[in-house]
Amino acid sequence: DAGGCSRCSSCKWIPFNKTQSWRYAKNCPSVTRYNFHAYSGGGKLNMTRSLLDKRSELSDYAAEVIYKCQMCGACDMACKVYRNDIDLMEVLMELRTHCVQNGFVNADHLDMIDRLKREDNTLGEPKAGRGDWADGMGIKDANVEKAEVLLHVGCRFSFDRDLWGVIRGVAGLLQKAGVDFAIGGKAETCCGGRAYEMGYRAESEKYVEDTLSRVKASGAKTLLTACSDGYAAFNYLYPRMGKRLPVEVIHVTDFLNRLVKQGRLRLRKRVPLVVTYHDPCHLGRMSEPYIPEWQGDKLQRPPRLKRAGLKGIYDQPRELIQAVPGVKLVEMERRREYSWCCGAGGGCFQAFPDFTAWTGNERIEEALSTGADALVTSCPWCERVFRDSVKESGAKLAVYDVTELMLASLE
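Residues numbered from 1 in each chain as written. Predicted model: local features only at pLDDT ≥ 70, side-chain atom pairs only at ≥ 80, totals over all residues. Heavy atoms only, no water.

Asker: I'd like a rundown of a nonpolar patch on the surface, residues and numbers included.
Answerer: Together, Phe16, Val81 and Tyr82 make up a nonpolar patch on the protein surface, roughly 320 Å² of accessible area in all. Here Phe16 is to be found in the segment before α1 (29-34). Exposure remark for Phe16: the relative accessible area of 58% places this residue in the exposed category. (Patch = residues over 30% accessible without salt bridge, like charges linked within 9 Å, V, L, I, M, F, W, Y side chains within 5 Å. Areas by Shrake-Rupley, 256 points an atom, 1.4 Å probe, with all protein chains shown as cover. Salt bridge = Lys/Arg side-chain N within 4 Å of Asp/Glu carboxyl O. Helix = DSSP H or I, 4+ residues; strand = E, 2+ residues; numbered from the N terminus. Buried < 20%, exposed > 50% of the residue type's maximum accessible area, 1.4 Å probe, protein only.)

Structure follows, in structure tokens:
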């Protein structure tokens, strides 16, 4: 795959037939921010080929370039518009793992991994408090009661108190609709996806096994996840590691959309807002189900067997937004599989907060350019970055989760 790169630089741009303006034509935060070819997807393919051919060696500087990538997958999607034989994200994940295995690690990443090992979450908070967000709600404990649906909350929602209102709202909507669900509470652990994307494959596999055993023990038929990272991990990373969950995996936006269509949740109150929707990387292009490696010449691979980002969760959040009376949805130029990243992924949130902030600010500017009153998303990591960006910049833009609009409109 690395040798197949034709150095066309298409990985740096929104596909030309999707471009609406020069201002929002770029898709890769890394090369846009650092303005040197090595930071792009194609640049990293060149680095990979050079390492494989032993024309160069890893160094601390090379590793820093590799780690200053949010692993958002935008380069992969753009490349596949023109090429059918390169799986760019697969190479980037192997390159990260290669760095870790050869001792070229980032100190902040190591710190997060140590905290993950101690407390089973990416924030390093005491794991005994993982279910505290649900206090007083009367939600079933999956460790002692059976339920049809197991709700995986995720690390950010579990421990970021600023976002507890969102996850409590999700649980409230499920209760309102009469859904039989339970949570793991303090027994729930990280999905392991963030560790995997940072290159720590062995550490992530522990959490794959934990999730598998917990899902089986719960007796649930459905694994419902509120975290987009978890949704991508369960759909893509777990099968990539040879593990598939024995249940249906659904994101809350998809599940709630079904409940609205079934009439189990009635959105009747008007919410007079103009909003724009941000597609999270891990809920959109990165959540597309894993497709096993094509055996043979990739030029002969049928298009339906390449991950092109088209099968992610895009329509369901928009349908929920449009189901709220009074809300008008206006789109940003970079959307769906070509969405600009919030900046939180790939370990950048932990190691390069200035880069994360810059990326988030870029998205806030794009949201403001639509004339929207609010930026709506469906990922706790995105919401965290955008809230911080708005607070820091003073931008006149509200930031909401999709479910918050639903709660405001609930009959």
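Having seen the model, we can carry on.
Asker: A description of helix α16 (residues 380-393) should follow, citing residues and the corresponding values.
Answerer: The terminal C-alpha atoms of α16, which comprises 14 residues, lie 20 Å apart, in line with the 20 Å expected from a rise of 1.5 Å per residue. Listing the buried residues of α16 in full gives Pro380, Trp381, Cys382, Glu383, Arg384, Val385, Phe386, Ser389 and Val390. Residue Gly394 follows α16 closely and has a positive phi angle near 75 degrees. (Expected span 1.5 Å × (residues − 1).)

Asker: Can you explain the pairing of strand β4 (residues 222-225)? Please cite residues and give values.
Answerer: A two-sided burial pattern is seen for β4, the buried positions comprising Thr222 and Leu224 on one face and Leu223 and Thr225 on the other. By the bridge criterion, four bridges tie strand β2 (residues 149-152) to β4 in an arrangement that is parallel. Bridging across to β4, Leu151 finds its partner in Leu224. (Pairing = 2+ DSSP bridges.)

Asker: Which residues make up the environment of Arg363, and what values do they have?
Answerer: With respect to the helices and strands, Arg363 occurs in helix α15 (residues 353-369). Here Arg363 falls in the buried class, since its relative accessible area comes to 0%. Arg363 sits 85 residues away from His278 along the chain, and the two C-alpha atoms are 8.6 Å apart. Setting aside chain neighbours within four positions, we find Arg363 in contact with His278, Asp279, Met332, Arg334, Ser339, Trp340 and Phe386. (Contact = heavy atoms within 4.5 Å.)

Asker: Would you mind going over the packing of aromatic side chains in detail, with residue names and values included?
Answerer: Following the criterion strictly, the structure yields eight aromatic pairs and no others. Ring plane angle 85 degrees and centroid distance 5.4 Å describe the contact between Phe349 and Trp381, whose orientation is recorded as edge-to-face. Of the two residues, Phe349 sits in helix α14 (residues 348-351) while Trp381 sits in helix α16, which places them 32 residues apart along the sequence. When its relative accessible area of 24% is taken as the criterion, Phe349 is described as partly exposed. A residue is classified by how much of its surface remains accessible, and Trp381, at 4% relative accessible area, is buried. A network of ring pairs unites the aromatic residues Tyr34, Tyr39, Trp340, Phe355 and Trp358 as a single cluster. (Phe/Tyr/Trp six-rings, centres within 6.5 Å; stacked < 30°, edge-to-face > 60°.)

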